[in-house]
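# Inside the fold
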Amino acid sequence: MAARPPHFLFSTPRSMVVKTQHSIRFNHFLPSAIKSQREDDRVPPHEGLSSVAGGVVALGKFDALHIGHRELAIQAAKVGVPFLLSFVGMAEVLGWEPRAPIVAKCDRKRVLSSWAPYCGDITPVEYELEFSKVRHLTPHQFVEMLSKKLGVRGVVAGENYRFGYKAAGDSSELVKLAEEYGMGAYIINNVMDKNQYYGNMGSSNLKEQGQVSSTRVRLALAKGDMKYVSELLGRQHRLVVMVKDQEWLVSNQHRLSARKSCFLNLPPKEGLYKSCSVLIGNDKNVVPCKVTIDASDIHLELHDAATCMRIISQDFQCLGIDFGESGA
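Quick caveat: nothing in here was measured; it's all calculated off a predicted structure. (Residues numbered from 1 in each chain as written. Predicted model: local features only at pLDDT ≥ 70, side-chain atom pairs only at ≥ 80, totals over all residues. Heavy atoms only, no water.)

### Here's the deal with the pattern of salt bridges
Put simply, the test is: Whenever a carboxyl oxygen of Asp or Glu lies within 4 Å of a side-chain nitrogen of Lys or Arg, that contact is scored as a salt bridge. A run of DSSP states H or I qualifies as a helix once it reaches four residues; a run of E qualifies as a strand once it reaches two. Both are numbered from the N-terminal end. Whether a residue is buried, partly exposed or exposed follows from its accessible area with a 1.4 Å probe, protein chains only, as a fraction of its type maximum: under 20%, in between, or over 50%, in that order.
Evaluated as defined, the whole model comprises twelve salt bridges. Of the charged contacts, one joins Arg218 and Asp63 as a salt bridge, the two residues approaching to 2.9 Å between their closest N and O atoms. With Arg218 in helix H9 (residues 214–223) and Asp63 in the loop between strand E1 (56–59) and helix H3 (67–79), this residue pair connects regions lying 155 residues apart in the sequence. Each member of the pair, Arg218 together with Asp63, is buried. In the salt-bridge network here, residues are joined through shared partners; they are Asp107, Arg110, Arg238 and Asp322.

### Things to note about the environment of Leu233
What counts is decided by this rule: A contact between two residues is defined here by any heavy atoms of the two lying within 4.5 Å.
Inspection of the secondary structure puts Leu233 in helix H10 (residues 226–233). Using a relative accessible area of 2% as the deciding quantity, one classes Leu233 as buried. Taking C-alpha positions, Leu233 is 9.1 Å from Val212, a pair spaced 21 residues apart along the chain. Residues contacting Leu233, with those up to four places away along its chain left out, are Ala64, Leu65, His66, Ile67 and Val217.

### Focus: the packing of aromatic side chains
The geometry of two aromatic rings is summed up by the distance between their centres and the angle between their planes. To keep things clear, this is the line we draw: Note on aromatic contacts: the rings of Phe and Tyr and the six-membered ring of Trp form a pair at centre separations within 6.5 Å, being stacked when their planes are under 30 degrees apart, edge-to-face when over 60 apart, and tilted otherwise.
On inspection of all chains with the given rule, the structure shows four aromatic pairs. Residues Phe142 and Phe163 carry aromatic rings whose centres are separated by 5.7 Å and whose planes lie at 45° to one another, so their mutual orientation is tilted. On the criterion of sequence distance, the pair formed by Phe142 in helix H7 (residues 139–149) and Phe163 in the loop between strand E4 (154–158) and helix H8 (171–180) is long-range, its members being 21 residues apart. In this structure, Phe142 and Phe163 share a single accessibility class: buried. Relative to Phe323, the ring of Tyr273 lies with its centre 5.2 Å away and its plane at 90°, an arrangement referred to as edge-to-face. Pair noted here: Tyr273 is in strand E9 (residues 271–280) and Phe323 is in strand E12 (residues 316–323), with a separation of 50 residues, a long-range link. By the ring-pair criterion, three or more aromatic residues cluster together here, those being Phe87, Phe142, Tyr161 and Phe163.

### A word on the sheet that holds strand E2 (residues 82–88)
Quick reminder of the rule: For two strands to pair, DSSP has to find at least two bridges joining them. Fitted lines through C-alpha atoms give the axes, limited to the stretch in contact for helices. The angle between two N-to-C directions lies from 0 to 180 degrees.
Reading across from one edge, E3-E2-E1-E4-E5 is the order of the five strands in this open sheet, with parallel pairing throughout. Strand pairing shows two members of the sheet lacking a second neighbour, strand E3 (125–130) and strand E5 (184–188), which therefore form its edges. Taking the axes of each pair of neighbouring strands and ignoring which way they run, one obtains an average angle of 25° across the sheet. In terms of strand pairing, E1 meets E4 through three bridges, oriented parallel. Residue pairing across strands places Val57 opposite Val155, the latter belonging to E4. Together, E1, E2, E4 and E5 form the strand contacts of H3, whose direction differs from that of E4 by roughly 155°. In the packing of H8 onto the sheet, contacts are made with E1, E4 and E5, and the angle to E5 comes to roughly 165°.

### Things to note about the pairing of E5
Along E5, five of the five residues are buried, which leaves the element largely enclosed by surrounding structure. Taking every second residue as pointing to the same face, both faces of E5 are buried, with Gly184, Tyr186 and Ile188 on one and Ala185 and Ile187 on the other. Where E4 lies against E5, five bridges are found, and the strand directions are parallel. By the bridge assignment, Ala157 is partnered in E5 with Ile187.

### Regarding the nonpolar core
Stated formally: Among buried residues, the Ala, Val, Leu, Ile, Met, Phe, Trp, Tyr and Cys ones that are joined through side-chain atoms within 4.5 Å form a nonpolar core.
Judged by nonpolar contacts, the single largest core of 57 residues is most densely connected at Val291, Ile298, Ile321 and Phe323. Broken down by element, this core gets its largest block of residues, seven residues, from H3. Not counting residues within four places of it along the chain, the set of residues in contact with Ile298 comprises Leu239, Leu256, Ser257, Ala258, Phe263, Val291, Thr292, Ile293 and Ile321. If you look at the next biggest cluster of nonpolar residues, it comprises 33 residues, including Val134, Leu146, Val175 and Tyr181.

Encoded structure:
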């Protein structure tokens, strides 16, 4: 994999985190209107403004939607209607090597819905900006865009968040600029990884200081350590498989196989995973299974032959496979 550029625009902290005295310190910048605004009394955005208008946005690159990202959403929900604001198209613009997402795009709404109990029964909504359209903005221009173009009323970011052209702005400047434009700014500390097994991330990764991060999730998946993955994500990892009926390989009444090319997100390493569940259609139809991943295929072993027939009889089937805590 090609090395990432040492400086990329609108860079995000590799993890976000728990509220501490640092976040309280900036609380006086929050307008009272933001503090009282909740979903039940949210007013529609003014004409010409975006759907995020009037909301409080968490800033970041939310690849894994891990517990640090969830903490950002929690803090945003405490002071307003929570949104996640991220940038799309960064890899293409900056020439990064393509890689599978940790969370399948079609599964992100489900994950965000699972955060609602932590966010005052409000499900955070994602709002995406094309990176190519904002990459050259200075820190000042970026905050001005949030205020005037998007109508944002508050921002939440991690303590090591950087933004603007060549990552010129830091969290302190974000607070200063937000105040200038009458927005609330809420800075929170990093959620630290309690499991330091992967503590040595390499000297080249200067941002890695033991915090929860998407990098750690990827490493844990590469190790097949599903217990650790669950701790970082705050949920079981779900692999989404999109398979047409003719692409299933049936070796017996209880075993189905599909090519890895059907994966919509990042799988764990090759091996046998015993405590898994396959979800057919929705989260209410859950069937225990064993999963084996090899160099080219994924194999599902189910106790119920009727379930196998139901899967292969569908014209177009999207399956979710949840991995329990038993590793490969």
